[in-house]
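Observations on the model geometry
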Amino acid sequence: MKKFSASTSADIDTLIEDLQDAQFCRDFNRTVELFSPLWDIFVPPDFSRFETHQRARLFHFAGDFLLEYGKAKSLPELIANGKDCLTNAIECYFAIENIDRTFECQMLLAFAYAYEGSVNEYHDLLDEAEQHFQHFQTNPVYLQIQISFIMIANRQNDLKKALSVINKIEPLVGQCSDLKIKTMFYSQTGAIYRRLEQYE
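Notes on the structure follow. This structure is a prediction, so every number in the text was calculated from the model and none was measured.

What about the overall build of the protein?
The number of helices and strands found in the protein is nine helices and zero strands. The linear arrangement of helices and strands in the protein, starting from the amino end, is α-α-α-α-α-α-α-α-α. Along the first, second and third principal axes, the C-alpha set of the protein runs to 60 × 35 × 35 Å. Put simply, the protein has 200 residues, and 44% of those count as buried. In the structure as shown, the protein presents an accessible area of about 10800 Å², 50% of it carried by carbon and sulfur atoms.

Rendered as structure tokens:
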């Protein structure tokens, strides 16, 4: 495999594309490998030498990775670093006026707070992100937010609310081409219907 070189802006853009593919597949090993020339995942990253739009993407992918990897390995210090990365990504995206990405990272940050049990912070962040995407309801970020509401309602044993969200977004999911979103939706929907059968 060709060794990564950070000598040009194009090299970083290529790295970002590769990271996007690895993150989509949730390939932890590949993500660590791709990041390794730039960053040791067990320390907070420093991407200050890169352009703002590149920093935004690098912090975004680093934060998303650290949250998922930290949860999978039960390493709360990585989750904390992941939250910091997402906060940095939000600042960078906001600086370049990429509002959609800003709220996408805010959604991920909300999930981190939910995992830690900070329900109020979770709802505050997610409600603001939902409001932004209200007029773009087939956007994968909006649908992921709604799916998270199904998950939370399930945890709180509020199956009526979960069904309400399912019925609201099922036609929208059908219009979405994102396979990850479809998989998440039908997985959560199946969990709700299985629980409902227990009460029949």
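Structural notes on the environment of Asp64
Mapped onto the elements, Asp64 comes out in helix H3 (residues 52–73). Residue class for Asp64 comes out buried when judged on its relative accessible area of 10%. The spatial distance from the C-alpha of Asp64 to the C-alpha of Ile16 is 13 Å, given a sequence separation of 48 residues. Ignoring any residue separated from it by four or fewer positions in sequence, one finds Asp64 in contact with Gln23, Arg26, Leu86 and Leu108.

A short note on the layout of surface pockets
Over the atoms a probe the size of a water molecule is rolled, and this reveals where empty space is left. Approximately 520 Å³ is the volume attributed to the largest pocket. In terms of lining residues, the largest pocket is bounded by 21 residues, among which Phe24, Arg101, Glu104, Asp178 and Lys180 are the most central. Broken down by secondary-structure element, the contributors of at least two residues to the lining of the largest pocket are helix H1 (9–24), H3, helix H5 (99–116), helix H7 (140–155) and helix H9 (179–199). For the lining of the largest pocket, the element with the highest residue contribution is H5, accounting for five residues. Across the lining of the largest pocket, the residue classes break down as eight nonpolar, five polar and eight charged. What the second largest pocket holds in volume is close to 420 Å³. Lining the second largest pocket we find 18 residues, and of these Glu68, Lys71, Phe111, Gln144 and Met151 sit closest to its centre.

Procedures and definitions
Residues numbered from 1 in each chain as written. Predicted model: local features only at pLDDT ≥ 70, side-chain atom pairs only at ≥ 80, totals over all residues. Heavy atoms only, no water. Helix = DSSP H or I, 4+ residues; strand = E, 2+ residues; numbered from the N terminus. Buried < 20%, exposed > 50% of the residue type's maximum accessible area, 1.4 Å probe, protein only. Areas by Shrake-Rupley, 256 points an atom, 1.4 Å probe, with all protein chains shown as cover. Contact = heavy atoms within 4.5 Å. 1 Å grid on protein atoms, 1.4 Å probe; cavity = no way out; pocket = protein on both sides within 12 Å on 5 of 7 lines; lining within 4 Å. Points joined across faces, edges and corners; volume = space filled by probe spheres on them. Nonpolar A, V, L, I, M, F, W, Y, C, P; charged D, E, K, R; others polar.

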